[in-house]
Amino acid sequence: MTPRASSVSSAASASGLVREVLSEYGALALDAVREHLASREPRRHLYDLVTDYPERGGRALRASLCMATARAFGAQQHDAIHTAAALEILHNAFLVHDDVEDDSDERRGHPTIHVLYGVPIAVNVGDALALSSLRPLFVNRFLLGPDLAFRILEEVETMARQSIEGQAIELGWRRDNAIALTDEDYLHMVLKKTCVYTTIYPFRIGALIGTHGRVDVDAFTRFLFFVGAAFQIQDDLLNLIGDKGAYGKEIAGDLWEGKRSLVLIRMLQLASLEERSRARDVLATPRQHKRAEDVAWLRARIDAYGCIDYAQRIAHGLAGAALHEGERLLSILPDSRDKRFLQALPVWMLERA
Amino acid sequence: MTRRKSAVQANPPKPDRKKRPTAERTEPRRDMASMFGDTKPPPQAAATNGAAEPDPHVASGVGAGYRVIDEYLRQGQEAARAAWLGGFPGLGGERGRGEAELAAMAGQMLRYSTELASFWTAMLNNVSRPSPAGDIPRPPAPGGFDFGGPVPSPKPAPESPAAAAPAHEAAPAVTLALDSKRPLEVTVRLDPHGPLGKLRVHDLRAASEELPRLRGVRAELRSGSLSIALKVGKDQPAGVYSGMIVDDATNLPAGTLSVRVR
């Protein structure tokens, strides 16, 4: 086997391992989520809807990462399951509110909550999910002791606050119709909006559970940032070039919503003055008033300037940086399937469809 | 012997003093070109794209990534330092964190000692005074609160001699209804400050996820007595199965239930 064929083959097996662990831990987390989102009255306009997004079958990346990290650091599975459920419930709360803020049409292959039931109901469902994410954390008092339970609560609070700050940066860009953005601006926004609650804190909290609070979790932040940034850029790319069935959201929806992805920022950097002026007008137009030909024009400019290829290269570079940072940090852990899952995450981030 | 070798023996050279080799670098590698080392193959992520040699755009993007995350870490360290020096809101205002924590801990110790004293006083009263037949008065909860009502005398669980709940003066009596052909050991821990409404028991799980769960466990709190109904099939593997007891209305934890199947 040639070196290239060998590395491609091992990349495929690494991605297979990640999919396997996500499937297994995702199912366990969903069971725990169901336990904590017990159905009660009022069902029709609240509790039946609270379980809608979790039941649509996301990949439960955050919950799985928390569980895998906890186990890789030596915890039992049940030590982390309630915390993993809390992260998953909070993630779904963010999704419901994000969909309202972005006026998205589809989530996981189905109409969004606010499209189905209206914005007021959707906002209330998101609030209920956000509040419900605290309940599983109370169980930690029995499982992990009061000190660690409180530490985890603090971590979750910091995680949620920073994520909201990241979301504010992105919403502000759209509100102000920001055009002159840099790659560094984008990565800063992604760090706060995505990495903090997708990779950095699920890992931190899992490591705290696994070591009972006796690990320097800050040391892993660089590794997790690069994993999360590669994940977000790949997500942005899938929004433009992904398979709709696998992606589960509207293709080119980010352009309709005016999201400042790395691809769009690159196009705006390379565009001529006239093109930038037209792009500014298109992006300033509310989604419901945008014309399909204007969005198609944005998409064509993205292709003309090679912005997809550019973003793919940056994502690969960031994944390479993640592998570089993770190699030394994760070597302290004994070999296990969970450790191999953590090591394989950067590769999987790029290969997922 | 060759001519060269004999020449070496005739004039043995003075051994060189050992020196530490000059370091290749004095700072961490943070550039794309040297990121993956000189001898190791490039990482799989790069290989999958066939991009063995990073281009300037990638180097610039990764460099931007390092600047962003290093700034984030620096700000985090500054915030931690500021919190340590400036104290927390609600914990002493402008005083230092150490001073504020000391004040908070002193207050906590005072509360605990007051609660302990009242608890001891109540216990001594109970011990020195003969109680009427049957029920005994409930000792006050820590903090001097009394939720009222007598506590039934502890009675042995009639259904299973193997089952026993931990004795606790303030805990309600426990009645077990067990349907099992297997020897069981049941442990119930109730949070003395937990909710006391309608209860629900989560499925009991073993440490290994491969073992089937114990489902359909019921808990009911009636007149200060806790009834637990539990069915264990003859094929249930031996092991310890644990789960939460929660308040049905709020899902707040009320305690834990653990069953050892032998």
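Above: the structure in question.
Residues numbered from 1 in each chain as written. Chains lettered and ligands numbered in written order. Predicted model: local features only at pLDDT ≥ 70, side-chain atom pairs only at ≥ 80, totals over all residues. Heavy atoms only, no water.

## Quick word on the sheet that holds strand β3 (residues 199-201) of chain B
Reading across from one edge, β2-β7-β6-β3 (chain B) is the order of the four strands in this open sheet, with antiparallel pairing throughout. Looking at which strands have only one partner, the edges of the open sheet turn out to be β2 (184-190) and β3 of chain B. On average, each strand axis in the sheet is inclined to that of its neighbour by 20°, with strand direction left out of account. Pairing of β2(B) with strand β7 (residues 253-261) of chain B, which is carried by seven bridges, proceeds in the antiparallel orientation. Residue pairing for β7(B): Arg189(B) is matched across the bridge by Thr256(B). Along the sheet, helix α8 (residues 135-143) of chain A makes contact with β6 (239-247) and β7 of chain B, crossing β7(B) at roughly 55°. (Pairing = 2+ DSSP bridges. Helix = DSSP H or I, 4+ residues; strand = E, 2+ residues; numbered from the N terminus. Axes fitted to C-alpha atoms, helices over the stretch in contact; angles between N-to-C directions. Contact = heavy atoms within 4.5 Å.)

## Focus on the packing of aromatic side chains
All names here are of chain A. Enumeration according to the criterion identifies six aromatic pairs over all chains in this entry. Ring geometry for Phe73 versus Phe203: centroids 6.1 Å apart, planes at 85°, classification edge-to-face. Note that Phe73 is positioned in the loop between α4 (61-72) and α5 (77-102) and Phe203 in helix α10 (residues 183-211), a separation of 130 residues in sequence. Take Phe203: its relative accessible area is 1%, and that puts it in the buried class. An angle of 50° between the planes, with centres 5.2 Å apart, marks the rings of Phe225 and Phe226 as tilted. A relative accessible area of 0% places Phe225 in the buried class. Clustering of aromatic rings is evident, with ring pairs tying together Phe73, Phe203 and Phe220. Here Arg266 stacks its cationic end above the ring of Tyr310, 3.9 Å away from the centre of that ring. Sitting above the plane of the Tyr25 ring, Arg337 keeps its charged end 5.9 Å from the centroid. (Phe/Tyr/Trp six-rings, centres within 6.5 Å; stacked < 30°, edge-to-face > 60°. Buried < 20%, exposed > 50% of the residue type's maximum accessible area, 1.4 Å probe, protein only. Lys NZ or Arg CZ within 6 Å of the ring centre and 35° of its normal.)

## Looking at empty space enclosed by the protein
Residue and element names in this part refer to chain A. On inspection of all chains with the given rule, the structure shows three cavities of 30 Å³ or more. The computed volume of the second largest cavity comes to approximately 40 Å³. Around the second largest cavity, the lining residues are Glu170, Tyr186, Met189, Val190, Lys193, Gln232, Asp236, Asp254, Lys259, Arg260 and Ser261. Sorting elements by how many residues they give to the lining of the second largest cavity places α10 first, with four residues. Partitioned by chemical class, the residues of the lining of the second largest cavity number three nonpolar, two polar and six charged. (1 Å grid on protein atoms, 1.4 Å probe; cavity = no way out; pocket = protein on both sides within 12 Å on 5 of 7 lines; lining within 4 Å. Points joined across faces, edges and corners; volume = space filled by probe spheres on them. Nonpolar A, V, L, I, M, F, W, Y, C, P; charged D, E, K, R; others polar.)

## A short note on the interface of chain B and chain A
Each side of the interface is counted separately: chain B has 44 residues, and chain A has 49 residues. Both faces considered, chain B and chain A share a buried interface measuring about 4,000 Å² in area, 61% of it formed by carbon and sulfur atoms. A salt bridge links Arg213(B) to Asp31(A), with the shortest nitrogen-to-oxygen separation between them at 3.6 Å. The interface formed by chain B and chain A includes nine residue pairs in polar contact (both at pLDDT 80 or more). Going through the elements one at a time, α2 (44-48), α3 (56-86) and β7 of chain B are the ones with two or more residues in the side of chain B that touches chain A. When residues of the side of chain B that touches chain A are assigned to their parent elements, the largest contribution, 13 residues, is made by α3(B). The residue makeup of the side of chain B that touches chain A, split by class, is 20 nonpolar, twelve polar and twelve charged. (Buried area = accessible area lost by both parts, 1.4 Å probe. Salt bridge = Lys/Arg side-chain N within 4 Å of Asp/Glu carboxyl O. Polar contact = N/O pair within 3.5 Å; in protein donor to acceptor, adjacent residues only side chain to side chain.)

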